[in-house]
Amino acid sequence: IRPDEVSRVKKDIEEALGRGAKLLCGNEVAGNKGQFLLPTVLADVPRDANLMTREVFGPVVCLNSYEDEDELVRYLNTNPYPFEACLYT
């Protein structure tokens, strides 16, 4: 991706980490040109963090848990990008 996109995605990752998300892997730039962000996985990302409220266009996955199905459905109904949300049980 373009260097400015790598920078934007990394800023969103840092914003989530600063708000309590946990880094499971990634968040590093690979190669010597700084344009290849390694796949990144975060857990417990605040539901109003940039990574959760807008399209990322980067190799980032956010893992969150929900207390029950109703809580999950409420979240999905407020998410502007529900097609990016997946449910695993």
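These notes cover the structure that comes with them. All values derive from a computational prediction rather than experimental measurement.

**Points about the pairing of strand β4 (residues 40–43)**
So, step 1. Direction of pairing for strand β1 (residues 22–25) relative to β4: antiparallel, over a ladder of three bridges. Counted as the bridge partner of Leu 23 is Leu 42 from β4.

**Focus: helix α1 (residues 3–18)**
So, step 1. Across its 16 residues, α1 extends 22 Å between first and last C-alpha, which sits within 8% of the 22 Å expected from 1.5 Å per residue.
So, step 2. Among all positions of α1, only Val 6, Val 9, Asp 12, Ile 13 and Ala 16 are buried. The buried residues of α1 occupy an angular sector of 130° when projected down its axis, which confines them to one face. Opposite the buried face of α1, at more than 90 degrees from it, the exposed residues are Lys 11 and Gly 18.
So, step 3. Packing partners of the buried residues in α1 comprise β2 (29–30), β3 (36–37), β4, α2 (50–53) and β5 (60–63).
So, step 4. Looking one or two residues beyond α1, the residue adopting positive phi is Gly 20, at roughly 110°.

Thresholds applied
Residues numbered from 1 in each chain as written. Predicted model: local features only at pLDDT ≥ 70, side-chain atom pairs only at ≥ 80, totals over all residues. Heavy atoms only, no water. Pairing = 2+ DSSP bridges. Helix = DSSP H or I, 4+ residues; strand = E, 2+ residues; numbered from the N terminus. Expected span 1.5 Å × (residues − 1). Buried < 20%, exposed > 50% of the residue type's maximum accessible area, 1.4 Å probe, protein only. Arc of directions from axis to C-beta. Contact = heavy atoms within 4.5 Å.

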